[in-house]
Structure formats: structure tokens, C-alpha cells
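In case you want the letters, here they are:
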Amino acid sequence: MDSSNTEVASDHSPFLKIYKNGRVERISGTEIVPPSLDPQTGVESKDVVISPETGESARLYIPKTSNQTQKKLPLLIYFHGGGFCIETAFSPQYHSYLNSLVSESNVVAVSVNYRRAPEHPLPIAYDDSWAALKWVASNVDEWLKIHADFERVFFAGDSAGANIAHHMGLRVGAEGLAGVKVQGIALVHPYFWGKDPIGGEAADEKRAMIDNLWRLAYPPTSGSDDPYINPASDPKLGSLGCGSVLVCVAGKDLLKDRGFYYRELLEKSGWGGAVEVMEAPGEEHVFHLINPVGENSAAMLKRIASFMNQ
């Protein structure tokens, strides 16, 4: 047997391992579930192909109320997390979360299934996400034509997905997105970073892991002060293409201080919109996916729903 099939070149546990022959083994985030009519919420979902050339796809969701009214509903574009490397829009935890969020918020949702590193390193996930936004704006899908209000569009994501949502907001601000009005962006435990520690980061042993994960996702990066990962390094921050931002942080999350710092940076950038932070005390990174029925998970779900219906 060729030893390169079993010899590990780089170990990024608990996310993935890369073997010397180039094979990528994802340790978590590999399970998928089909679209469905969810019996608990009445939310219906379906999968669509965005680009046959790249294989990019998305899962669309409509709430139960969409069949009971002709009123157009807010449209949510969601970007899943996973360090740009694991999970998909079809992962059980994201499918369940989108069912709950769509039901609670009474919105139409598009959950983007972008290509992942290391096979498809950044900026491919950003490019795929922009392609998804252009697809949404083209208004070719029947569900979106019938049910979605393109004047009330929101972006959201968790962790790496929140990073993507932020950058899509910047691109909308810089280039525009014809036919779409982005009202707000919700960033849940956003994956932002920096070379110099802030807050409680200095004493945390996970710093090296986060640095290495970022370099895995984006090999040509200049490092942890790259504008893609550190908003403080981005001169375009003030051009964010929406009027309101909600940042959700978790009390025990290493990335918590970056969420508060992001608010500070936005307020100083000349952007001119409204930004607020909601903290869930005592909780870890993406706790709402791990324990969706917890008290803090329910509170955050309601806050994001309120944000999209204000």
C-alpha cells in the first residue's frame, strides 16, 4: 500500500486531516439531510442548482404562512459556518436551524452551499456567495418570484458564514446588486481575527489553531491581519451596503471580543448605520446549533427574527 494514502501531512482536528497524497478527510460536518416539509414548523424546503459549471447549489425555504397569504415576505440569504472547510447547507444542524429561523421570522430563505477549502481555497467561497446573490437577484426561481420581497433582503451567517455575510455586504456597498435592497446583516459569532490579541485572546491556547485554520482556507493570505479576516485592516469597511447590523456573541467564545471590536470599528468607519451586539452569557461558539432548544438559543432566535421584521 502506498504510505502516502495513510500518512498525515497536516492535522487540523477536530475539523479535517490532509494526507500526503492530497486526500482530504473531513472529521466532522459530513452528514447531510434532504429537503423536506418539516412536520414541526410546516416549513418547506427544496434544493436548486445555482451554477452547473461549478456545482454550486442552495437550499430554499418557505414558511407555512406562505401558502395562506399573498403578502411578500422578507428574504434571508444565509451562509453556513465551518471555518470555510467543513459543513454544508445540507448539514442536519443547519437544515434544522433554518427551519426554526424561517418559521420564527416568517421569512423566505436561501441557504448557500458554497465550495469549501482546502480543495477550493478562498476567495472561492466569496465568489460563489456573490454568484448566489446574483442568482437571487435574477429572480428566476418560482418560490422567490411568488413569495420574496426583494426590497427587504437580509444577510446572515454564523462563524465563517458571518465573515462571508460581512464581505457580501461590503461588495453590495461597492458594486450594488440590481433589484435587491439589503436592509440588514446578522452576524452570529463572526469569524474575525487579527495578529495582535485583543480582550481575553492572549491567554487562549487556541490562537495558533485559528491562525493555522485561516492559512489552510486561504494559502496566499498575508496573515491574520488580512482584510478578509480582520475588518480593522479594511479601508472599505465604511461602505457596508445596508443600514443595520446585529452582531451576536457568546460569553465563552474566543471570538467574542472580535464581535464587540467589529461594532467599535463600524461606528468609527463613517458607515452611518446602526449596529448592536447581543451577548449570550456563559455560552460557547455556535451554541445555538449544539443546543437549539436552550434558553439562550431561543432568545437569540427571537432577536434575529425581530431584527428581520423591524
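Presented here is an overview of the structure given in this document.

### Some details on the sheet that holds strand β3 (residues 24–26)
Read across the sheet, three strands follow the order β1-β2-β3 without closing on themselves; strand pairing throughout is antiparallel. Single-partner strands in this sheet number two, and they are β1 (8–12) and β3. With direction set aside, neighbouring strand axes in the sheet form an average angle of 15°.

### Section: the side chain of Glu201
Counting through the fold element by element, Glu201 comes out in the loop between β9 (182–188) and α5 (207–217). Reaching out from Glu201, the side chain makes a polar contact with the side chain of Arg207 at a distance of 3.1 Å. With residues up to four places along the chain from it excluded, the contact list for Glu201 reads Trp193, Asp196, Arg207, Leu254, Asp257 and Arg258.

### What about the packing of helix α2 (residues 124–138) against helix α4 (residues 160–175)?
Relative orientation of the contacting elements α2 and α4 amounts to 60°, with a least axis distance of 10 Å. Relative to α4, α2 is oriented oblique. Crossing angle aside, the handedness with which α2 passes α4 is right-handed. Seen from α2, the contacting residues are Ala125, Tyr126, Asp127, Ser129, Trp130 and Leu133; seen from α4, they are Asn163, Ile164, His167, Met168, Arg171, Val172 and Glu175. By residue class, the composition of the contact of α2 with α4 is seven nonpolar, three polar and three charged.

### Structural notes on the pattern of salt bridges
Overall, the coordinates contain 16 salt bridges when judged by the stated rule. Note that Lys256 and Glu279 form a salt bridge whose closest N and O atoms lie 3.9 Å from each other. With a gap of 23 residues between them, Lys256 in helix α6 (residues 256–268) and Glu279 in strand β11 (residues 274–280) connect regions that are remote in the sequence. Residues joined in a network through salt bridges with shared partners are Asp127, Arg171 and Glu175.

### Quick notes on the packing of aromatic side chains
One pass over the structure, following the stated rule, counts twelve aromatic pairs. Geometrically, the ring pair formed by Trp214 and Tyr218 is edge-to-face, given 5.7 Å between the ring centres and 70° between the ring planes. Across the pair, Tyr218 and Trp214 agree in class, each one buried. Put simply, the rings of Phe84, Tyr126, Tyr191, Trp214, Tyr218 and Tyr228 touch in pairs and so form one group of aromatic residues.

### Describing the nonpolar core
Inside soluble globular proteins, nonpolar side chains tend to come together where they are buried. Ranked by size, the top nonpolar core spans 70 residues in total, and within it Leu75, Ile77, Phe84, Leu144, Phe155 and Val245 carry the most contacts. In this view, Ile77 contacts Val110, Val112, Leu133, Val136, Val153, Phe154, Phe155 and Ala156; residues no more than four positions away in its chain are not counted. Counting residues in each nonpolar core, the second largest holds 27 residues, with Ala109, Leu246, Ala250 and Ile304 among its members.

### Here we look at the pairing of strand β2 (residues 16–19)
Sheet analysis places β1 next to β2, joined by four bridges and oriented antiparallel. Bridge pairing in β2 places Asp11 opposite Lys17. Counting the residues that bridge the hairpin from β1 to β2 gives three residues. Relative to β3, β2 runs antiparallel, the two being bridged by three bridges. In the strand pairing of β3, Lys17 is matched with Glu25. If you look at the hairpin formed by β2 and β3, you'll find four residues sitting between the two strands, and Gly22 has a positive phi there, around 95°.

Definitions and cut-offs
- Residues numbered from 1 in each chain as written.
- Predicted model: local features only at pLDDT ≥ 70, side-chain atom pairs only at ≥ 80, totals over all residues.
- Heavy atoms only, no water.
- Pairing = 2+ DSSP bridges.
- Helix = DSSP H or I, 4+ residues; strand = E, 2+ residues; numbered from the N terminus.
- Axes fitted to C-alpha atoms, helices over the stretch in contact; angles between N-to-C directions.
- Polar contact = N/O pair within 3.5 Å; in protein donor to acceptor, adjacent residues only side chain to side chain.
- Contact = heavy atoms within 4.5 Å.
- Parallel < 35°, antiparallel > 145°, perpendicular 65-115°, else oblique.
- Left-handed = near helix turned anticlockwise from the far one by under 90°.
- Nonpolar A, V, L, I, M, F, W, Y, C, P; charged D, E, K, R; others polar.
- Salt bridge = Lys/Arg side-chain N within 4 Å of Asp/Glu carboxyl O.
- Phe/Tyr/Trp six-rings, centres within 6.5 Å; stacked < 30°, edge-to-face > 60°.
- Buried < 20%, exposed > 50% of the residue type's maximum accessible area, 1.4 Å probe, protein only.
- Core = buried A, V, L, I, M, F, W, Y, C linked by side-chain atoms within 4.5 Å.

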